[in-house]
Amino acid sequence: MANSAKALDDHQPYAAQQNIRLQLKLDTNAKDIVISIDEHRLMQVLTNLLSNAVKFSPLGGEVVLSTKRIADEVEISVQDSGPGISEDFKHKIFQRFSQADASSAKMKGGTGLGLALCKEIVEAMHGSIGFESESGCGARFYISFRLID
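This one's a predicted model, so the numbers in the text were calculated from it and none came from an experiment.

Conventions used here
- Residues numbered from 1 in each chain as written.
- Predicted model: local features only at pLDDT ≥ 70, side-chain atom pairs only at ≥ 80, totals over all residues.
- Heavy atoms only, no water.
- Core = buried A, V, L, I, M, F, W, Y, C linked by side-chain atoms within 4.5 Å.
- Buried < 20%, exposed > 50% of the residue type's maximum accessible area, 1.4 Å probe, protein only.
- Helix = DSSP H or I, 4+ residues; strand = E, 2+ residues; numbered from the N terminus.
- Contact = heavy atoms within 4.5 Å.
- pLDDT = per-residue confidence, 0-100.
- Salt bridge = Lys/Arg side-chain N within 4 Å of Asp/Glu carboxyl O.
- Pairing = 2+ DSSP bridges.
- Axes fitted to C-alpha atoms, helices over the stretch in contact; angles between N-to-C directions.
- Phe/Tyr/Trp six-rings, centres within 6.5 Å; stacked < 30°, edge-to-face > 60°.

Ranked by size, the top nonpolar core spans 36 residues in total, and within it Val63, Ile93, Phe141, Ile143 and Phe145 carry the most contacts. Broken down by secondary-structure element, the contributors of at least two residues to this core are helix 1 (2-17), helix 2 (39-56), strand 2 (62-70), strand 3 (73-79), helix 5 (114-124), strand 4 (128-133) and strand 5 (139-146). Considering every element that reaches this core, the biggest residue donor is helix 2, with 8 residues. Sequence-distant contacts of Val63, defined by excluding residues within four places in its chain, comprise Ile20, Arg21, Leu22, Gln23, Leu50, Ala53, Val54, Ser57, Val78, Gln79 and Asp80.

Encoded structure:
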């Protein structure tokens, strides 16, 4: 998935400013993955997910972009090393203008539109988006698309 490598390359300067290490992990059969999506829209989503991951990771942290095949789908995920998402905010994460109320999250800036737009874009391409997060253990956002036979 060339888009994954390009997305990481594009974010390297921003990550370097924050002393964040970017890592790419591709499934061994990633070369054989074929999906039908809008490449520019996928880059938009990856850009937002990577920007958020870098923004919320601590100095010296790590952000991992990975791609793996799961049955008849491909999953692309971004894992950060930040504080995670609070339980009381999880149900609002994909709503427009939603931002965590914690002062540290508010200081990071943003409009609260990025994840809502990612959800709309991914779903318009017939994919799905979700996340996993445990307080203090970072967050992992993932998008999934059906493979083409």
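Right, let's get into the confidence of the model for the chain. Chain-level statistics for the chain give a pLDDT mean of 86 and a share of 87% at 70 or above. This model gives residues 101-107 a pLDDT under 50, and the stretch forms 5 contacts once residues within four places in sequence are excluded.

Under the criterion given, the structure shown has 7 salt bridges. One salt bridge in this structure joins Arg146 and Asp72, with 2.0 Å as the shortest N-O distance. Placement of Arg146 in strand 5 and of Asp72 in the loop between strand 2 and strand 3 is noted, with a sequence separation of 74 residues between them. With relative accessibility at 53%, the residue Arg146 sits in the exposed group. By relative accessible area, Asp72 is classed as partly exposed at 37%. Two residues, Glu87 and Lys90, come together in a salt bridge whose shortest N-O distance is 2.8 Å. Of the two residues, Glu87 and Lys90 are both situated in helix 3 (residues 87-90); the distance of 3 residues between them amounts to about one turn of the helix. Overlapping salt bridges, with partners in common, bring together Glu75, Glu132 and Arg140 in one network.

Taken in spatial order, the 5 strands make up an open sheet running 1-2-3-5-4, and their pairing is mixed. For this open sheet the edge positions go to strand 1 (21-26) and strand 4, each flanked by a neighbour on one side alone. The sheet shows a mean angle of 15° between the axes of neighbouring strands, direction not considered. Of the strand pairs in this sheet, strand 3 and strand 5 are connected by 7 bridges, and their pairing is antiparallel. Note on strand 5: the bridge partner recorded for Ile76 is Ile143. The sheet strands contacting helix 2 are strand 1, strand 2, strand 3 and strand 5, and the helix crosses strand 5 at an angle near 165°. Packing of helix 5 onto the sheet brings it into contact with strand 4 and strand 5, and relative to strand 4 it is tilted by some 140°.

So, on to the packing of aromatic side chains. Tallied over the entire structure, the rule returns 3 aromatic pairs. With 6.3 Å between their ring centres and 90° between their planes, Phe94 and Phe141 make a pair best called edge-to-face. One end of the pair, Phe94, is in the loop between helix 3 and helix 4 (103-107); the other, Phe141, is in strand 5, with 47 residues separating them in the sequence. With relative accessibility at 17%, the residue Phe94 sits in the buried group.

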